[in-house]
Amino acid sequence: MADVMLRDVCGVRSGDKGDVSDLTLFADDRETYDLLVEQVTPGRVAAHFGALVVGPVERYLVPNVLAIKFVMHGALGGGSMSLRSDTQGKTHGLSLLRLRVDLPHDVIARSTRRARPDSPPEAG
Amino acid sequence: MIRIGAGQGVYGESIDLFRAAFDAGVDYVVCDSLAETTCGMLVLDQRGDETAGWAPDLLARLDVALPAAVAAGTRWVTNAGGVNPVAAHQRAVARAREQGFRGVKIAAVVHDPPPDPFADDAPVLATLAYAGAAGIVEALDRDADVVIAGRVADAALFLAPLVHEYRWAWDDWGRLAAGSTVGHLLECSGQCTGGTYSGDWWNTVDFRRPGPPIAEVEPNGDAVITKPEGTSGRVSFDTVREQLLYEVHDPTTYLTPDVVVDLASAELVDQSNDRVLVTGVRGAPRTDTLKGLRYSVGGYTAEVTLTFAWPDAEAKCRHVLRSLRATALDAGVGVAEWCEEYFGVSGFGGPTVPSDGRTVDPPEVTGRLAWRTDTMADAVAVQRLVGRIGLFSPPGLQGIGRRVRERGGPVPMLRLEPFLVDREIVESTRRVIVEEV
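Model, not experiment: these values are computed from the prediction.

Cut-offs and rules
- Residues numbered from 1 in each chain as written.
- Chains lettered and ligands numbered in written order.
- Predicted model: local features only at pLDDT ≥ 70, side-chain atom pairs only at ≥ 80, totals over all residues.
- Helix = DSSP H or I, 4+ residues; strand = E, 2+ residues; numbered from the N terminus.
- Rg over C-alpha atoms; globule rule 2.2 N^0.38 Å.
- Buried ≥ 20, exposed ≤ 12 C-beta atoms within 10 Å, placed from the backbone.
- Contact = placed C-beta atoms within 7 Å.
- Nonpolar A, V, L, I, M, F, W, Y, C, P; charged D, E, K, R; others polar.
- Axes fitted to C-alpha atoms, helices over the stretch in contact; angles between N-to-C directions.
- Parallel < 35°, antiparallel > 145°, perpendicular 65-115°, else oblique.
- Left-handed = near helix turned anticlockwise from the far one by under 90°.
- Pairing = 2+ DSSP bridges.

Chemist: Teacher, can you tell me more about the overall build of chain B here?
Modeler: Check the secondary structure of chain B and you find 12 helices and 19 strands. Relative to the compact-globule value of 22 Å for 437 residues, chain B shows a C-alpha radius of gyration of 24 Å, a close match. C-alpha atoms of chain B, sized along the principal axes, occupy 70 × 50 × 45 Å. Here chain B holds 437 residues, and 49% of them are scored as buried. Of the contacts formed within chain B by residues at least 6 apart in sequence, a portion of 75% connects residues at least 24 apart.

Okay, structure coming up:
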């Protein structure tokens, strides 16, 4: 097992409705998905965002596309009245990718998510 | 098979992307011009000018759409009518006449604002409701080439041409859900073809030839999401699934005006070559209510940003912004709320950014202080204090003077409150105006 950031093993997209931030993690295979379901709990996500999110965090499992959705209430500093730069939670998904999980070495090794823009994979 | 192209996903988007959708040779180009805050801007526009309240780029888009309607029969559906589709329609008809078009039909889809549900709160500026596809379907049934709607829900804009073409029944929940899923995928335009993609974005983003999404929809609701040949971006299982669940909350119960969609039932099949089949989507009966939004005055806001150079850039930013706040407090200025952000160290991530073990003193940090006040006078009073910073600050400050001048004065804030309204109250006011020029 090794301790990695979510950025190394999954994708993410986030957005808003009012003062609610809506984030979804995407795994690349069923084994990774099941491990993330086990470890990335609503409680861990709420703790990760700390004071940035004042309301409850709900989780929805969407196995047809290997996705885990988090709906975070009171997450955007007041929605339309928010003074933050990111009033729409567009960066929240990326902030979640800092969360660390424990995964088997082979799961990490096969992930294509570890590619970086300064060393992009060869085409084809 | 019907081909629908997304021509716009956000207010103010480049018109080149709109043209690209027409160039792809689709049957319909559909534009989503509105968002919660966009409608707020239009509400403020209309307060100053009763003929305003619609997206001003409508006319430039019309100049692209009308020749395509005449030459190729491509039809255009948009919600750029905003909070004043009647005025938008009148200007569009006048524009078409000025340009010498003959025989094209331009329609407006209009609903009255719902009654104010919180009559005792802060004075209301406007209310609106998210209408379904029926008004646009009627306009298309009456042979409109261009349909200018007000606040019709995003997905419903795309569902409407499918209901018109395939005569889907209004209780055929499976097909309505399939068509609404197509709309949900296309309504944010480039976000379905590699934009915002969290994977290898360096291989998908190229603004020289961006590819708007296209849906090829069969009579049974099955749809292939694709993009024009030779364009950049990517349509794959991974790029499409990111958009499938975007901003929907409970994926099994995505509420639209026309149907409740179960996105967790969708099957995405990557057919390679930038083609993804979307099939198997289930739907449930629509609800008896529509989403409404109430806009009221929420006070005023302004902000200052300043950048300090190494060393101790973060500490210098924090010291200056805190000192500004203390000065305002001493002066008795009424500030309802402050917001401090420090870009370069924790601006977006806040507590998610680990603060322990930081070994690098950043080369520069940008501090941002925003404030909200009940009155314009208080917002201005804080902004005046910014003028004290310049030559009396710690060393290494850059950029502040120019920023203050460029940003101008404080701006009004809008308070948005969602509510549910009986659908009958909204739908009974629907009017479809079709005018031939």
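Right, picking up where we left off after that structure.
Chemist: Just to check I follow, could you spell out the overall build of chain A for this structure?
Modeler: Secondary structure assignment for chain A yields four helices and six strands. Counting from the amino terminus, chain A carries its helices and strands in the arrangement β-β-β-α-α-β-β-α-β-α. Expected size for 124 residues packed as a compact globule is a radius of gyration near 14 Å; at 15 Å, chain A falls within 12% of this value. Once the C-alpha set of chain A is aligned to its principal axes, its extents read approximately 45 × 30 × 25 Å. Across the 124 residues in chain A, those meeting the buried criterion constitute 44%. Across chain A, every contact between residues at least 6 apart in sequence was considered, and the portion connecting residues at least 24 apart equals 65%.

Chemist: Looking at this structure, I do not really get the interface of chain A and chain B. What am I missing?
Modeler: Counting from both sides, the interface comprises 36 residues of chain A and, opposite them, 42 residues of chain B. The dominant element in the side of chain A that touches chain B, judged by the number of residues it contributes, is strand β2 (residues 11-17) of chain A, at six residues. By residue class, the composition of the side of chain A that touches chain B is 15 nonpolar, 13 polar and eight charged.

Chemist: What's the story with the packing of helix α1 (residues 15-23) of chain B against helix α3 (residues 58-72) of chain B in this structure? I'm lost.
Modeler: When two helices pack together, you describe them by how their axes are tilted relative to each other and by the distance separating the axes. Residue and element names in this part refer to chain B. Two numbers describe how α1 lies on α3: the axes approach to 10 Å, and their chain directions differ by 10°. With respect to α3, the axis of α1 lies roughly parallel. The crossing of α1 and α3 is right-handed. Packed against α1, whose contacting residues are I15, F18, R19 and F22, the element α3 presents A60, R61, V64 and A68 at the interface.

Chemist: I'm lost on the packing of helix α6 (residues 154-166) of chain B against helix α7 (residues 173-186) of chain B in this one. Help?
Modeler: Residue and element names in this part refer to chain B. As a packed pair, α6 and α7 sit with axes 7 Å apart at the nearest point and diverge in direction by 130°. As far as their axial angle goes, α7 and α6 are oblique. α6 and α7 meet at a crossing whose hand is right-handed. Note on element contacts: α7 touches α6 through L176, G179, S180, V182, G183, H184 and L186, opposite D154, A155, A156, L157, F158, L159, L162 and V163. Counted by class, the contact of α6 with α7 contains 10 nonpolar, four polar and one charged residues.

Chemist: Please explain the sheet that holds strand β13 (residues 282-284) of chain B as it appears in this structure.
Modeler: Residue and element names in this part refer to chain B. With respect to topology, three strands assemble into an open sheet ordered β9-β10-β13, the strand pairing being antiparallel. Because the sheet does not close on itself, it has two edges, and the strands there are β9 (254-255) and β13. Alignment of strand β10 (residues 260-262) against β13, held across three bridges, turns out to be antiparallel. Across the sheet, V260 pairs through a bridge with A284, a residue of β13. On top of the sheet, α7 reaches β10 and β13; it is set at about 110° to β13, its chief contact.

Chemist: Got a minute to help me understand the sheet that holds strand β4 (residues 57-62) of chain A in this structure?
Modeler: Within a sheet, neighbouring strands are paired by backbone hydrogen bonds and run either parallel or antiparallel to one another. Taken in spatial order, the four strands make up an open sheet running β2-β3-β5-β4 (chain A), and their pairing is antiparallel. Looking along the sheet, the strands with just one partner apiece sit at the ends: β2 and β4 of chain A. Going from strand to strand, the sheet's axes swing by 15° on average, the running direction of each strand aside. Looking at chain direction, strand β3 (residues 20-26) of chain A and strand β5 (residues 67-72) of chain A are connected through six bridges and run antiparallel. Considered in β5(A), the bridge of A:T24 is made with A:K69. The strands that helix α2 (residues 42-49) of chain A touches are β4 and β5 of chain A; relative to β4(A), the one it contacts most, it runs at about 130°. Its contacts with the sheet place helix α8 (residues 237-244) of chain B against β2, β3 and β5 of chain A, and it is angled at close to 25° to β2(A).

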